[in-house]
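# Notes for the structure review
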Amino acid sequence: MTETTEQHETTGQRKTDTGPHRAPAHVHADQRDGTAREDDKQRQLDGFRVGAEGATLTTDQGVPVAHDDDSLKAGERGPTLMEDFQLREKLTHFDHERIPERVVHARGAGAYGYFELYDSLAEYTRASLFTKTGVRTPVFVRFSTVGGSRGSADTVRDVRGFAVKFYTDEGNFDLVGNNMPVFFIQDGMKFPDFVHAVKPEPHNEIPQASSAHDTLWDFVWQQPETMHMMMWLMSDRAVPRSFRMMQGFGVHTFRLVDAQGRATFVKFHWLPRLGVHSLAWDEAQQVAGADPDFNRRDLWDSIEAGHFPEWELGLQLISEDEARALDVDLLDPTKLVPEERVPLRIVGRMVLDRNPENFFAETEQAAFHLGNLVPGIDVSEDPLLQARLFSYLDTQLIRLGGPNFAQIPVNRPVADVHNNQRDGYHQMRVHQGESSYERNTVGGGRPAQADPSVGYDSAPVNVEGTKLRRRAGSFSDHYTQAALFWRSMSEVEQEHIAAAFGFELGKVGRVEIREGVLEHIARVDTGLAERVGSWIGLKPPEAEPVGPLTASRALSQRHRPGDGSLCARKIAVLAADGLSGASFEHVRRELAELGADVEIVAPHAGEVSSEDSAGPAKPLTAAHSLLTAKSVIFDAVLVADGRRSTDVLRARPDVAEFLRQAYRHGKAIGVWGSGRDVLAAARLNGEQRDAAVGHGAGTPAEEGVLVADGSAAEDAALSEFTAAFGAAVGRHRAWDRTLPAKTV
Ligand code: HDD
């Protein structure tokens, strides 16, 4: 233990908490010009960070260990002695190294950063985080899947958790949301049922991290309030390309409360700078095998590379009067308020600029709680939200082993903590003084209750009613918004939704469940039910269409393309010995300048020989062989020029498959010089490709397929090609190319 840690642990939350400051490793100097607040959390964590530089191995008691390879035995070949305290301590610690995984959202990845307010909401709330413009409030964010175990794959079809902990100067505020704006159920009473239904089935614990099984769809059949959320779950939103490319939503309606106690309903939205982008379902399934850590790795790598993920925070602010005029009940978490009806007010941005240093200590031990509220922010009467207020604190008690988990470094507020909550497992603070109760005279009346002007106060909401167990009548329409979502989708998105229903119901064994769900789908849209029915061999029943027939453009991912930048997009360059080094370097440099991560994939990893017109040139390095790199882990593919290289590539079936797969998944494909021959040999789409090859530099032969003519030796032509290719990658996919009518 370092001196700093020792000092920290005995001084608790006093000002000495903020140990020696170390600049976050990956934050550029010019991005550190905010107020000091941004660094408060990192300074606090510094006091807990322990490095091993120059250290000697010791026991937990600090006793130096000189021999760590053998246990203490009675004779060289004799039994191990009970008195071997080194062995016992080592094994005991190891035996207890696991804590229960989260009962939902077990698999996740987190990062630190800051939230910066640029539009004050002082007219609505007294929360300092939403009133002091320019201030950077530190945050820790954890993204997650919901159903899978801690070791499950990232790219499964699922909702993604989007939990943000704001370390404000008034205490921690947690916004524990998802990447979808609605939820499966309306009342927390059904949460354990829903989770039991979606998790692996109890008799054989199959399937892992998948909703495609009987019990989940049985639940859907029996509980049609799920229908709106099931539309989202069957959509591309459930297979995000990257955590950096997801929207986030607080889901419930909350309240902002001003100093006079006036409350305004609020819904929180996070908008990714890179736009909202997804994987193709076929691709997502393959990535789960090729790189189960795909989303986690992407988050980590982009932060390490300095491409800091960024979101804007948008709020829908709704007064009590406006709420009454809406045609949805704001307390129903299966409903959203279309942005066309209540536009977003963009108030700030969140940037994630630092990876945790230890997964267990920080990400695994992070404890979020919907009830972590700060003055000026309050909950609503949404019955799902109300149940959550109980569940989060409760679950942390078992998961983190006692009531002192708020003292774990990642969970500690940067605001001072003083109260009379004492003792319990793992108390880290040494409280001084004789009193541990409030009100007291023995301890000088301290800690004293805060002045009402700074203390937390609930919104003075009028509540009265008769005790009853009943669902509000205003919650009863389960189909209109599901239909709104369907009608708002582009042709490609609709195609994916229909196929997803077909896939999931196709995995359901009981025909009565398929039929029951198809009836619900028919009530959403008969055309959709026809398409799903054709996948599962059932004729859908007749159903009246729900009305009114409206659409919300804002619900379609197509309307959120993002800024088109290539931040940490992964591009594979197919090449073999003899590639044209100069043109490769030219293309690589220009794409890297746009932020892309360009890697050579060759028949073998390691050194690849290169040539230019004068003969052999400086060898290049292949990051992957064709064995370790599948097309699915890249965003786009290029085939490099170089006759010797392309002669090898065009004869290889794995290269053809690489290109065909990228093509099927709508990815940008670019070839220059003799790379054209490899594209032709791959016959991406039957014979069609042969005819298409032969356009000028940067001219798309087809959407997202770019071919540079000749040897593309002239720099200008190659730059034109690279720019056009970069733009295609920035558009994420040529999705229309993948529509069934357009593929053979
Ligand atoms: Fe929950 C974890 C989001 C409904 C009970 N939830 C959890 C996490 C997220 C959400 C992002 C992971 C936090 C982390 O990264 O550690 N949950 C939601 C959203 C919901 C929702 C957006 C609906 C709008 N949850 C919900 C209900 C209940 C819970 C109705 C129970 C009544 N959720 C939990 C939990 C978890 C949890 C059991 C598991 C681990 C944890 O809390 O810390 O308490």
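Only a predicted model underlies this, so the values are computations on that prediction, with no experimental measurement involved.

It is worth spelling out the UniProt feature "active site" (unreviewed entry) in the protein at this point. UniProt tags His105 and Asn178 as "active site" (unreviewed entry). Spanning 74 residues, the named residues nonetheless gather at one spot, since no C-alpha pair among them exceeds 10.4 Å. What His105 contacts, discounting residues up to four positions off in sequence, is Arg142, Ser144, Thr145, Val146, Gly161 and Asn178. Locating Asn178 in the fold gives a position in strand E4 (residues 171-178).

Quick look at the pattern of salt bridges now. The tally for this structure, following the rule as stated, stands at 47 salt bridges. For the salt bridge of Arg107 with Asp154, the shortest nitrogen-to-oxygen distance reads 2.6 Å. Residue Arg107 is found in the loop between helix H3 (85-95) and strand E1 (108-117), and its partner Asp154 is found in the loop between strand E2 (136-145) and strand E3 (160-168); the two are separated by 47 residues along the sequence. Overall, Asp154 belongs to the buried group, its relative accessible area being 4%. Here Arg297 and Asp291 are joined by a salt bridge, their closest N and O atoms 2.8 Å apart.

The next subject is the pairing of strand E16 (residues 636-639). Neither face of E16 is open: one carries Ala636 and Leu638, the other Val637 and Val639, and all of them are buried. The pairing of strand E11 (residues 570-574) with E16 spans four bridges and is classified as parallel. From the neighbouring strand, Ile571 faces E16, where its bridge partner is Ala636. Here four bridges tie E16 to strand E17 (residues 668-672), and the two strands are oriented parallel to one another.

Residue position: Ser476 is located in the loop between helix H11 (383-399) and helix H12 (480-488). The exposure class assigned to Ser476 is exposed, which follows from its relative accessible area of 51%. Considered as a pair, Ser476 and Leu627 are 151 residues apart in the sequence and their alpha carbons are 53 Å apart.

Let's shift gears to the domain arrangement of the protein. For an interface, size is often stated in terms of accessible area lost upon the parts coming together. Each domain of the protein was delimited in the assignment, giving domain 1 (1-55), domain 2 (108-411), domain 3 (487-559) and domain 4 (570-742). Tallying the contact residues gives 27 residues for domain 2 and 26 residues for domain 3. Interface area for domain 2 against domain 3, summed over the two sides, is near 2,400 Å², with a carbon-plus-sulfur share of 65%. The largest contributions to the domain 2 side of the interface with domain 3 come from Asp214, Trp217 and Trp221, which together make up 27% of the buried area. At the boundary of domain 2 with domain 3, the tally comes to one salt bridge. Notably, a salt bridge pairs Arg510 with Asp214, separated by 2.7 Å at the nearest N-O pair.

With respect to burial, E1 is a largely interior element, ten of its ten residues being buried. The alternating pattern of E1 places Gly108, Gly110, Tyr112, Tyr114 and Glu116 and Ala109, Ala111, Gly113, Phe115 and Leu117 on opposite faces, both of which are buried. The pairing of E1 with E2 spans nine bridges and is classified as antiparallel. Note on E2: the bridge partner recorded for Gly108 is Ser144. Across six bridges, the pairing between E1 and strand E9 (residues 345-354) is antiparallel. What sits directly across from Tyr114, in E9, is Val351.

Definitions and limits used
Residues numbered from 1 in each chain as written. Predicted model: local features only at pLDDT ≥ 70, side-chain atom pairs only at ≥ 80, totals over all residues. Heavy atoms only, no water. UniProt positions renumbered as here; feature names shortened; annotations may be inferred. Contact = heavy atoms within 4.5 Å. Helix = DSSP H or I, 4+ residues; strand = E, 2+ residues; numbered from the N terminus. Salt bridge = Lys/Arg side-chain N within 4 Å of Asp/Glu carboxyl O. Buried < 20%, exposed > 50% of the residue type's maximum accessible area, 1.4 Å probe, protein only. Pairing = 2+ DSSP bridges. Domains from an automatic or database assignment. Buried area = accessible area lost by both parts, 1.4 Å probe.

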